[in-house]
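Now for the letters of each chain:
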Amino acid sequence: MKIQFLEKKLNLPGNVRAYAEKKVTKLERYFREDAEALVAFSVEKNRNIVELTVHAANTFFRASESTSDMFASIDAAVATIEGQIRKNKTRLARRIRQDAFVRTPETVSSFAPEDPEEEEFPLIRTKQFPMKPMTRDEAILQMNLLEHNFFAFRDEDANGAFAVVYRRHSGGYGIIEDMG
């Protein structure tokens, strides 16, 4: 597993990095060798924040933990990722058996407009990412693993049409489908 560290406005002692590497390396047993991990450290209002993102075979796992101790934040972030894996073990195993991780996207999609007509809505950030065809259940699983409220994907059940699943405030999930 390839591990990268990001220190946001702080300098960590080597023993914290070594501890984080030791803990994150334990996640290797769940992933193939091509997995990548990004560990971001920051401090806000006397809270030690660790954001851990693991990318393996087109699936992202993300955890953000904040405690009064950096070591405890590292432990909590790794435990959160392990919890996500255990909670979704059956679904993840089914995706692996169905070869869903091996699929590669044919195009890269961007949600940024090419030529903005109005200056009233300045774009602050643009994200580009490959969108692979997946089932609605896989999209909901990926949304939950990322801890997001929505997830854009290409719907296998609709011949690869663009769709968005989202978490409803009243509970459950919704989907926005392309009618074209």
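Quick caveat: nothing in here was measured; it's all calculated off a predicted structure.

Rules behind the numbers
- Residues numbered from 1 in each chain as written.
- Predicted model: local features only at pLDDT ≥ 70, side-chain atom pairs only at ≥ 80, totals over all residues.
- Heavy atoms only, no water.
- Helix = DSSP H or I, 4+ residues; strand = E, 2+ residues; numbered from the N terminus.
- Buried < 20%, exposed > 50% of the residue type's maximum accessible area, 1.4 Å probe, protein only.
- Contact = heavy atoms within 4.5 Å.
- 1 Å grid on protein atoms, 1.4 Å probe; cavity = no way out; pocket = protein on both sides within 12 Å on 5 of 7 lines; lining within 4 Å.
- Points joined across faces, edges and corners; volume = space filled by probe spheres on them.
- Nonpolar A, V, L, I, M, F, W, Y, C, P; charged D, E, K, R; others polar.
- Core = buried A, V, L, I, M, F, W, Y, C linked by side-chain atoms within 4.5 Å.

Draft legend 1. Spatial organisation of the overall build of the chain. The secondary structure content of the chain amounts to four helices and 10 strands. Helices and strands in the chain line up, N terminus first, as β-α-β-β-β-α-α-β-β-β-α-β-β-β. Classification of the 180 residues of the chain by burial places 33% in the buried group. Within the chain, contacts between residues separated by at least 24 positions form 43% of all contacts whose residues are at least 6 apart in sequence.

Draft legend 2. Representation of helix α4 (residues 136–146) in the model. Across the 11 residues that make up α4, a large majority, eight, are buried. Those residues of α4 not exposed but buried are Glu-138, Ala-139, Ile-140, Leu-141, Gln-142, Met-143, Leu-145 and Leu-146. Residue Glu-147 follows α4 closely and has a positive phi angle near 60 degrees.

Draft legend 3. Expanded view of the environment of Lys-132. Positionally, Lys-132 belongs in the loop between β6 (128–130) and β7 (133–134). Overall, the relative accessible area of 6% leaves Lys-132 in the buried class.

Draft legend 4. How the structure looks around the layout of surface pockets. Considered as a void within the structure, the largest pocket measures approximately 970 Å³ in volume. Contributing to the lining of the largest pocket are 27 residues, with Phe-60, Lys-127, Phe-129, Leu-146 and His-148 lying nearest its centre. Counted by class, the lining of the largest pocket contains 15 nonpolar, six polar and six charged residues.

Draft legend 5. Region of interest: the nonpolar core. Counting 27 residues, the largest nonpolar core has Met-1, Val-24, Leu-27, Phe-31, Phe-41, Leu-52 and Val-54 as its most contacted members. For this core, the secondary structure elements donating two or more residues are α1 (14–25), β2 (36–44), β3 (47–56), β4 (59–67), α2 (70–87) and α4. Those residues within four positions of Phe-41 in sequence are excluded, and the remaining contacts are Phe-5, Leu-6, Glu-7, Lys-8, Leu-10, Leu-12, Val-16, Ala-20, Ile-49, Val-50, Met-70 and Ile-74. Counting residues in hydrophobic clusters, the runner-up holds nine residues, among them Met-143, Leu-146, Phe-153 and Val-165.

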